[in-house]
Amino acid sequence: MAIKIKGTGSCLPEKVVTNFDLEKIIETTNEWIVERTGIEQRHVSTGESAADLAFEAAKQALAENNIDGADIDLIIAASCTEEMSFPGIACQVQTSIGAKNAVAFDLNAACSGFIFALNTASAYLENGIYKNALIIGSEVLSKVVDWDDRGTCILFGDGAGAMYIEADSTKPATKFIQRSDGSKGQVLKLTNRENKNAFFEGESETKYLWMDGKEVFRFATRQIPDVINELLDASNMTVEDIDMFVLHQANIRIIENISKRLNADLEKFPSNVSKVGNTSSASIPILFDELRKEGKIVEGMKIILSGFGAGLTYGASLIEF
């Protein structure tokens, strides 16, 4: 049994911040940013929460097939920038869409989050535990980046993407691979709440997202081709059999490097990073929804989805649309 993607949706905050806007607040230039990242602009929250964006993306994914919230079995939300530790985004969305019968929980694998959530949902569906699922990636990264650090604030944007999937007994089981390497976890990190109990005497300070960009680049360009090749081998396929590679949109140079290492045509690697930046767990579903709406994803296409992020975590899924 496999999964069938029945609906998709996405939501971006209205506020657009261009590289020229950033030139006014930090020492950088549009040319410098574009040359190193391919990013020209990003959407930034002016009050929208990760749960707000998730709800709007979820509504679109369900509206496509007039799915009633009460008929949803499972909701998984991937995020590393939720506003509340609990209740999670998935439970907030459950309430907003009236999914009273759904099991709902959040999952945090940073930029790999959507891939991990999709694979988790696929396992539930393929084992007959649930018949359908709503998977969401939603982030408000603008609140965790240091806007005085030109090495990170130029990269990230806010947004949400969602997929509604159903079990499909007419297809073979979905193939996916997940990996983690905690030994390299400190190259990309974000400190959450610090110890401030009544007995703590130390000092604390505001923490922002921190990244060793060179190490993350090396990790992604080495491990993603490896995991994709492993997935292809397990599926008895080659790069030529794949119609499209929908990758985490972190940096256009990473995507170009991965295509070269796979010896695959760059045209098979669509990208929207120039318009939305790195939206972490939301990047893959936002791009997938955009491609569907443009008619670039059609029935029967074989597509590999692949992401990488903090943890360090990475993985890939092979779907037939």
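Residues numbered from 1 in each chain as written. Predicted model: local features only at pLDDT ≥ 70, side-chain atom pairs only at ≥ 80, totals over all residues. Heavy atoms only, no water.

### Focus: the sheet that holds strand β13 (residues 313-320)
What the four strands build is an open sheet, ordered β8-β13-β12-β11; its pairing is mixed. With one partner strand each, in any of the chains shown, β8 (175-180) and β11 (244-247) form the two edges of the open sheet. For this sheet, the mean inter-axis angle between neighbouring strands, taken without regard to orientation, is 15°. Across four bridges, β11 lies against strand β12 (residues 302-309) in parallel orientation. Counted as the bridge partner of Met-244 is Ile-303 from β12. The strands touched by helix α9 (residues 283-293) within the sheet are β11, β12 and β13, with β11 carrying the most contacts at an inclination of about 140°. (Pairing = 2+ DSSP bridges. Helix = DSSP H or I, 4+ residues; strand = E, 2+ residues; numbered from the N terminus. Axes fitted to C-alpha atoms, helices over the stretch in contact; angles between N-to-C directions. Contact = heavy atoms within 4.5 Å.)

### A closer look at the sheet that holds strand β4 (residues 74-78)
Reading across from one edge, β1-β7-β6-β4-β5 is the order of the five strands in this open sheet, with mixed pairing throughout. At either margin of the open sheet sits one strand with a lone partner, and together these are β1 (2-11) and β5 (103-107). Neighbour-to-neighbour, the strand axes of this sheet turn through a mean angle of 20°, independent of strand direction. Here nine bridges tie β1 to strand β7 (residues 159-168), and the two strands are oriented antiparallel to one another. Across the sheet, the residue bridging to Ser-10 is Gly-161, located in β7. Strands in contact with helix α5 (residues 113-126) are β1, β4, β5, β6 (132-139) and β7; relative to β6, the strand with the most contacts, it is inclined by about 170°. In the packing of α9 onto the sheet, the strands contacted are β1, β6 and β7, and the crossing angle to β1 comes to about 95°.

### Comments concerning the nonpolar core
In this structure, Ile-228, Phe-245, Leu-262, Phe-269, Ile-304 and Phe-308 are the most contacted members of the largest nonpolar core, which totals 44 residues. Those elements that provide at least two residues to this core are α6 (213-234), β11, α7 (252-261), β12 and β13. Of all the elements, α6 adds the most residues to this core, at eight residues. Judged by nonpolar contacts, the second largest core, of 30 residues, contains Ala-121, Leu-125, Ile-165 and Phe-321. (Core = buried A, V, L, I, M, F, W, Y, C linked by side-chain atoms within 4.5 Å. Buried < 20%, exposed > 50% of the residue type's maximum accessible area, 1.4 Å probe, protein only.)

### Quick notes on the state of the cysteines
Evaluation of the coordinates by the stated rule reveals zero disulfides. In this model Cys-80 remains outside any disulfide bridge; the closest cysteine sulfur is found in Cys-111, 6.2 Å from its own. On the basis of relative accessibility, which here comes to 10%, the residue Cys-111 falls in the buried class. (Disulfide = S-S within 2.5 Å.)

### Describing the environment of Ala-51
Locating Ala-51 in the fold gives a position in helix α3 (residues 50-63). In this structure Ala-51 comes out as buried when scored by relative accessible area, which is 9%. In sequence terms Ala-51 and Cys-91 are 40 residues apart; their C-alpha atoms lie 9.4 Å from each other. Those residues within four positions of Ala-51 in sequence are excluded, and the remaining contacts are Glu-83, Ile-89, Gln-92 and Val-93.

### Side note on the packing of α3 against helix α4 (residues 89-97)
For the pair α3 and α4, interaxial distance at closest approach is 9 Å and the crossing angle is 50°. Put simply, α3 runs oblique to α4. Considering only the axes of α3 and α4, their crossing is right-handed. Where α3 approaches α4, its residues Ala-50, Ala-51, Ala-54, Phe-55, Ala-58 and Leu-62 are matched on the opposing element by Ile-89, Gln-92, Val-93, Ser-96 and Ile-97. In terms of residue class, the contact of α3 with α4 is built from nine nonpolar, two polar and no charged. (Parallel < 35°, antiparallel > 145°, perpendicular 65-115°, else oblique. Left-handed = near helix turned anticlockwise from the far one by under 90°. Nonpolar A, V, L, I, M, F, W, Y, C, P; charged D, E, K, R; others polar.)

### Brief notes about the pattern of salt bridges
All chains considered together, the criterion is met by 11 salt bridges. Across the pair Arg-292 and Glu-64 runs a salt bridge, and its minimum N-O distance is 2.5 Å. Residue Arg-292 is found in helix α9, and its partner Glu-64 is found in the loop between α3 and β4; the two are separated by 228 residues along the sequence. A residue is classified by how much of its surface remains accessible, and Glu-64, at 38% relative accessible area, is partly exposed. (Salt bridge = Lys/Arg side-chain N within 4 Å of Asp/Glu carboxyl O.)

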